[in-house]
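Examination of the molecular architecture
So the chains spell out like this:
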Amino acid sequence: CEHLLERSSEFASPRRTTMIVCGTLTVFLMSSVEHSRLHMGGGHAPAEWSYDAGGLRGWSYYIRAFNLLREQPSMEIGWGQWSKPGGHSEDILEVCGLHPGGFVCDPCEACESTGTCSDPVTGDPAPISGGCQDPIREDPTLANCGHPTDYEATESCAFWECGEDSKGGVRGSIEGGMGYWMYTLETPNVKWMLPGATNANYEIFAGTFLGDRPQLCSVLGGAVRVSNRLLVPNDFVTFAGGDPDGFLGYMLTKTPLGKRSANDTANYWTIVIDAANFAGPVMYTAAWFWDSRINWHPKSISWSDPRVNIGYVAQGFEGSIGAFTARQGGSQYWRTTRWAVPRDRFGPSSSPNTSTLFTGHSQFNTDWAADALEPILSGAGLASERSHAVVQQRSATAGAKPECKTPPTGEGGMSVWHDGGTAEVLWKGFGIGSAFDQAQSEAAHCASALSLNPSHEALSCDEQRCEAAAFLQGGLSDSDPPVVIPAEAVPSEVKTGFDAATFEPTKRNDGSYLGPPAATEEACFDLPASPTMYCTVTTSKAWIGWRWYKFVDQPELYMVFESLPDDGTRQAARDYMQARIERLHRQQEADSTGGWFSPPQGDAALPAEKVSIDPALLLTPPTGFEYGYVPIAVYQKPRVKPAECDVEVNVADPRPEPHPESYWEDCTSSSGIPNPNCNRPAGSYEVETCSANNESRAAFNYPGRIYGYWPGGSQDDRVPYDVPTRDSLPTRAA
């Protein structure tokens, strides 16, 4: 037995507990500590949105910004909303709502057999040695999908959802909320996801820069900057102080901010916020963003079409928290990332033993913003109508309280679970349940609130927050039930291993793709109003460099104008849009606030104060750029000041020290456990030039020819536009 125990490390397995039996002595050896994850959920979706009136024209609610995780995040988790198009009749879809060219766009790859080979020019059958694999020969259900320049022939494409009665529906989503995302720059603190638009089954993403690859100028338009007093980072929005607790008013609504002419009826979904130190519109999604991957046909319908509204809104938690795990004695033990929820402190229905996550919901069933904003943007009408007080009054009148949902019995609290084995293992015993009260929820325009039991052994509370126990047991077998345990109940060997393990910051994003613009991005950044670069440091220790752009010259509008004919239409659209944004900025200055909405239950009834945006992001336009100009971030990196910085703004000492040179290559923690977030992306592009197939008979570009929503009124007048590849972008005239 002594000999076996001396060699015990040779028998121990990182995947299972090893048992050594020596006569009457049984010894269980601990498996090695590993990094894992546990899924998390909390609260409930409090609003039952009604889409009966042709879908929603907008919504607003107040979401809590707080540091759920009390130590370094290592897994992605967020709480917020997902909105998708709908509310339209399926009859308006005459052609497939997906671009058929995407089904057959493949690079030229060697064939596997003569039956799937085609000549890259003629499309004729070719020998393996000289042919490209033809997706249509490989999959006959793709028939009629391979005519990218012949939309009439492509109308017969019935692949996948194109062959269904719905014709694939209208695609896209606008997502956002609070959370931690490992593809963003390192920080221990919560961020607000902005922008969050996606299109064509997540084929393209809104953002002037992307965190994991160079962005394509040809797909910009999903994050058009509106405010001249808020710098929108390309790595999401941070909050004041680093450890926030407060509510952010969050609105998504149709507005006329993106109109290219007086007759333009396209959708311009706009994000508006209400914070303690900033209120007003932040950005909108241009029609081009939706059209650029959908409108392959003159009759295509994307989310730019005014007949398509919001037909789906989901709220809640999504994601996981990091955990370390080990096995001993027939049980599995876990040490989670420390997590806590804030205590409510204000409002008539608040209690220090509740924690409200969402509140103050309103839905908009009419195009209220068009009537409210048009006097400001056009400069016409009565002077008394050209104020943001009128806008706020109109939003309050138009906003309707949705039906407030009751959480299912036994749900609505906080829980974590593991689904890596044969069955799901669920832990609930944290002393955090549902605080749902129907009357209070109705008064608060639907609220999702947690109940806190400060006397519970698994909950440790101070005046600001309650932190849950970090140690769990269970999940190895049916005889190993899930329980929340105190630290002293963890076997000493396991506890020693947990204490030595550390959660490491994400190293998936070092800012390489967040500026300065790559060669393929420079064409859409080419017209700053001044070469001066301003810079600041966020609470997450990231340096941001920005330049001021005339509103219509910002990168996000590059393709909006390039896709219009250069016959006077393009310049007319530029002049029209520039004049309207200048009027908006002037009115915001005159009103001293750009607030568009407020909590329907009143500010005083919020369970906590409004949160403050990171002061580093709040700007005063330089002289000469007060109206009609917007700040565009052209650089963002952790701890490294841009070499081109000319003017520092809101920078306080001490400045963050840069990481050592070896930092980004070190993928192992001090305890020897690999960092799961150390795989930096290669940053490859999607295929833009597709190989020939049996129908195209020649290589072709994707998305190729697009029929964008026409700003002149009648959609019978749509003008086709051949989308350039990244190597053939047009140069804008100054």
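Coordinates for the structure precede this section.
Every value quoted in this text rests on a predicted model; they were computed, and no experiment measured them. The residue numbers shown here count from 1 along each chain, following its written sequence. Only residues with pLDDT of 70 or above have their local features reported here, since the model is predicted, and side-chain atom pairs are shown and tallied only from 80 upward, although totals for entire chains, interfaces and linings are computed over all residues. For side-chain calculations, the full set of non-hydrogen atoms in the structure is used, while hydrogens and water are omitted.

The next subject is the nonpolar core. Counting 86 residues, the largest nonpolar core has Leu68, Trp79, Trp192 and Trp339 as its most contacted members. Side-chain atoms within 4.5 Å link the members of a nonpolar core, which is a set of buried Ala, Val, Leu, Ile, Met, Phe, Trp, Tyr and Cys residues. The rule is simple: take the accessible area with a 1.4 Å probe, protein chains only, and divide by the maximum for that residue type; under 20% is buried, over 50% is exposed, in between is partly exposed. With 57 residues, the next largest nonpolar core counts Tyr268, Val391, Val634 and Tyr709 among its residues.

To continue, consider the sheet that holds strand β32 (residues 542–550). Paired strands, in this sense, are two strands between which DSSP finds at least two bridges. Per the convention used, a helix needs a DSSP run of H or I reaching at least four residues, while a strand needs a run of E reaching at least two, with both numbered from the N terminus. Sheet architecture is open: four strands sit in the order β33-β32-β31-β34, paired in mixed fashion. Only two strands of the sheet have a single partner each, and these edge strands are β33 (629–638) and β34 (647–648). Pairing of strand β31 (residues 534–537) with β34, which is carried by two bridges, proceeds in the parallel orientation. Bridging across to β34, Cys535 finds its partner in Glu648.

Once that is clear, we can look at the pattern of salt bridges. The rule for a salt bridge is simple: a side-chain nitrogen of Lys or Arg has to be within 4 Å of a carboxyl oxygen of Asp or Glu. According to the stated counting rule, one finds 33 salt bridges in the structure shown. Its salt-bridge partner being Asp245, residue Arg345 comes within 3.0 Å of it at the nearest N-O pair. Remark: Asp245 occurs in strand β14 (residues 245–254) and Arg345 occurs in the loop between β19 (340–342) and β20 (354–364); sequence separation between them is 100 residues. On the basis of relative accessibility, which here comes to 21%, the residue Asp245 falls in the partly exposed class. Residues Lys401 and Glu442 are paired through a salt bridge, measuring 2.6 Å at the closest nitrogen-oxygen approach. Here Lys401 is found in the loop between β21 (399–400) and β22 (403–404), whereas its partner Glu442 is found in helix α9 (residues 438–443), with 41 residues between them in sequence. Exposure remark for Lys401: the relative accessible area of 36% places this residue in the partly exposed category. Via salt bridges that share partners, Arg64, Asp245, Asp344 and Arg345 belong to a single interconnected network.

The next subject is the sheet that holds β19. Taken together, three strands build an open sheet; the order of strands is β19-β28-β27 and the sheet is antiparallel. This sheet does not close on itself; its edge strands, each paired only once, are β19 and β27 (459–461). Recorded for the sheet is a direction-independent mean angle of 20° between the axes of neighbouring strands. Here three bridges tie β27 to strand β28 (residues 465–468), and the two strands are oriented antiparallel to one another. Each residue of the ladder has a partner; that of Ser460, found in β28, is Glu467. Between N-to-C directions, angles cover 0 to 180 degrees, with each direction set by a line fitted to C-alpha atoms, over the stretch in contact for helices.

As a further point, take unusual backbone geometry. Across the junction of Asp653 and Pro654, the peptide omega takes the value 0°, indicating a cis bond. Mapped onto the elements, Pro654 comes out in the loop between β34 and β35 (689–690). Pro703 follows Tyr702 through a cis peptide bond whose omega is 10°. As for its placement among the helices and strands, Pro703 is situated in the loop between β36 (700–701) and β37 (705–707). Even without glycine at this site, Arg639 takes up a positive phi of about 70°. Looking at where Arg639 falls in the secondary structure, it is placed in the loop between β33 and β34. The backbone of Arg697 shows a phi angle near 65°, a positive value even though the residue is not glycine. Assignment of secondary structure puts Arg697 in the loop between β35 and β36. Overall, Arg697 belongs to the partly exposed group, its relative accessible area being 37%.

Here we come to helix α12 (residues 569–591). What a helix is expected to span follows from its residue count: subtract one and scale by 1.5 Å. In this model α12 runs 33 Å from its N-terminal to its C-terminal C-alpha over 23 residues, within 8% of the 33 Å that 1.5 Å per residue would give. Buried within α12 are the following residues: Arg570, Ala573, Arg574, Met577, Gln578, Arg580, Ile581, Leu584, His585, Gln587 and Gln588.

Take the packing of helix α7 (residues 368–378) against helix α8 (residues 388–398) next. One can describe the packing of α7 onto α8 by two numbers: an axis separation of 9 Å at closest approach and a directional angle of 170°. With respect to each other, α7 and α8 are oriented roughly antiparallel. In contact with Trp368, Asp371, Ala372, Leu373 and Ile376 of α7, α8 contributes His388, Val391, Arg394, Ser395 and Ala398. The classification used treats Ala, Val, Leu, Ile, Met, Phe, Trp, Tyr, Cys and Pro as nonpolar, Asp, Glu, Lys and Arg as charged, and all other residues, Gly among them, as polar. Residues belonging to the contact of α7 with α8 are distributed by class as follows: six nonpolar, two polar and two charged. Angles are sorted into four bins: roughly parallel if under 35 degrees, roughly antiparallel if over 145, roughly perpendicular if 65 to 115, and oblique for all others. The contact definition used throughout considers only heavy atoms, calling two residues in contact when any of these lie within 4.5 Å.

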